[in-house]
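Residue strings, one per chain:
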Amino acid sequence: MFAKVAEEGSFAAAARVMGVSVPTVSRAVARLEERLGGRLFNRTSRKLALTEFGQSMAAKASEIYRQAEEVESEAHELSIQPRGQVRLAVPMSFGLRWVAPLMPALLRHYPELSVDLHLSDAPVDLIAEGFDAALRVAALPDSSLVARRLCAVTQYLVAAPAYLAEHGTPAHPRELSACQCFSYAYRARSQVWRFTHTTGAQEDIVPGGPLRVTNSEALLPSLLEGLGIAELPEFIATEYLRDGRLVRLLEEWSLTRGGLYFVTPTSRSRPLKVRVLSDFFASHLSEPDWRLHD
């Protein structure tokens, strides 16, 4: 209360701002003066001025008041249950495999939250289409969006053992021009496969083949039948690499790496429901189970 009186210049103004009576403020300041052993204000009927002692205390009191406001604000926000609908856009395969299984935990933890989960690999304009957030697996060129990186996502070049037995195993990216390569329509970098060798050498190829899809999951039946080679994100490929149904090719060459991002239109005044969703996915997907470790 002393800090507010010093800031406002009068007991009445401080009382009005704090929503209490003038005598309440006056008594509080008097008790503080008694406890500190010195006068904080010189009072007249027309003027209220800080004493020298009061001036030395005012800055410290204002800092204490500011800190108290921050603590109270944080506590108030934490006590509020996030509520309302969140419109969330997620790529189809990733959403089905890794986001949908998290929905029970999310809904149990935040019972007043509802999620409109939009699953599609087609590009989504968050701002124009009214989405609150998105999970994206890509490199992100759109600077109007705010992205929180959750983890890296590796792309693997894969084929079934049956395809390799019949056609041989390519030893260099250039050899892929003679292979049956399946492609994904919504690649961020058009249809160029860019490879980087462990030595730093680079090789770009444009794959050719009989199948092009708008969802990577649709490549699996033809891949598993041994009909071609394809690029798959690790969150799909790992399951099949672990049990040997698919084999990773050109292991000394890496494809352009991307990441998993939680994306929002802006970082300013993001509602609590969006912030808790960001933290929820960060806690569940920063160390994902799809990692291909020994």
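Above: the structure in question.
Numbering of residues begins from 1 in every chain and follows the order in which that chain's sequence is written. Only residues with pLDDT of 70 or above have their local features reported here, since the model is predicted, and side-chain atom pairs are shown and tallied only from 80 upward, although totals for entire chains, interfaces and linings are computed over all residues. As a convention, hydrogens and water are excluded, and side-chain values are obtained from all of the structure's heavy atoms.

Undergrad: How do you make sense of the sheet that holds strand β5 (residues 133-138) when you look at a structure like this?
TA: As a general point, the strands of a sheet are linked pairwise by backbone hydrogen bonds and lie either parallel or antiparallel. Any two strands are treated as partners once DSSP identifies two or more bridges connecting them. Helix and strand definitions here come from DSSP, where helices need a minimum of 4 consecutive H or I residues and strands a minimum of 2 consecutive E residues; each element is numbered from the N-terminal end. Sheet architecture is open: five strands sit in the order β4-β3-β5-β15-β6, paired in mixed fashion. Each end of this open sheet is capped by a strand with a single partner; those strands are β4 (113-119) and β6 (146-153). For this sheet, the mean angle separating the axes of adjacent strands, direction not counted, is 20 degrees. Axis definition: a line fitted to C-alpha atoms, limited for helices to the stretch in contact. Angles are taken between N-to-C directions and run from 0 to 180 degrees.

Undergrad: Any chance you could explain the sheet that holds strand β12 (residues 229-233) here in plain terms?
TA: Strand order across the open sheet formed by three strands is β12-β7-β13, with antiparallel pairing between neighbours. Two strands close off the open sheet at either side, each with one partner strand: β12 and β13 (247-248). Looking at chain direction, strand β7 (residues 155-159) and β12 are connected through five bridges and run antiparallel. By the bridge assignment, L157 is partnered in β12 with E231. Relative to β12, helix α9 (residues 234-242) is tilted by about 115 degrees, and along the sheet it contacts β7, β12 and β13. Whether two residues are in contact is decided by their heavy atoms, any of which lying within 4.5 Å being enough.

Undergrad: So what exactly am I meant to see when it comes to helix α2 (residues 11-18) here?
TA: Owing to its 3.6 residues per turn, the α-helix aligns residues three or four sequence positions apart on the same side. Relative accessibility decides the category of a residue: with a 1.4 Å probe and only protein chains considered, values under 20% of the type maximum give buried, values over 50% give exposed, and everything between is partly exposed. Listed as buried for α2 are F11, A13, A14 and A15. For α2, the secondary structure elements touched by its buried residues are α1 (2-8), α3 (22-36), β1 (41-43) and β2 (48-50). N or O atoms within 3.5 Å of each other form a polar contact, as long as, within protein, one can give a hydrogen and the other can take it, and as long as residues adjacent in sequence are counted only when both atoms are side-chain atoms. A distance of 3.0 Å separates the backbone nitrogen of A13 from a side-chain oxygen at the start of α2, and that oxygen is part of S10. Directly beyond the C-terminal end of α2, a positive phi value near 75 degrees is found at G19.

Undergrad: Before we go on, may I ask you to explain the packing of aromatic side chains in this structure?
TA: Remark: the centre distance and the inter-plane angle together describe each pair of aromatic rings, the angle taken between the planes. Stacked, tilted and edge-to-face are the three classes applied to pairs of Phe, Tyr and Trp rings, where Trp contributes its six-membered ring and a pair requires centres within 6.5 Å; stacked means planes under 30 degrees apart, edge-to-face means over 60, and tilted covers the rest. Per the stated rule, a full pass over the model turns up nine aromatic pairs. Ring geometry for F2 and F41: centres 5.5 Å apart, planes at 70 degrees, overall edge-to-face. Here the residue F2 occupies a position in helix α1, and F41 occupies one in strand β1, the gap between them amounting to 39 residues. Overall, the relative accessible area of 6% leaves F2 in the buried class. A connected cluster of aromatic rings, assembled from ring pairs, spans F94, W98, F235 and W290. Whether a charge sits over a ring depends on NZ of Lys or CZ of Arg being within 6 Å of the ring centre and within 35 degrees of the ring normal. The ring centre of F131 lies 4.2 Å from the NZ or CZ of R87, which sits over that ring.

Undergrad: Sorry, what's going on with the nonpolar core here?
TA: One broad trend across soluble globular proteins is that nonpolar side chains are buried collectively. Only buried residues count toward a nonpolar core. Its members are Ala, Val, Leu, Ile, Met, Phe, Trp, Tyr and Cys residues joined through side-chain atoms within 4.5 Å. Residues F94, L135, L232, L246, L260, F262 and F281 are the most contacted members of the largest nonpolar core, which totals 43 residues. Sort the elements by how many residues they give to this core and helix α10 (residues 272-285) lands first, with eight residues.

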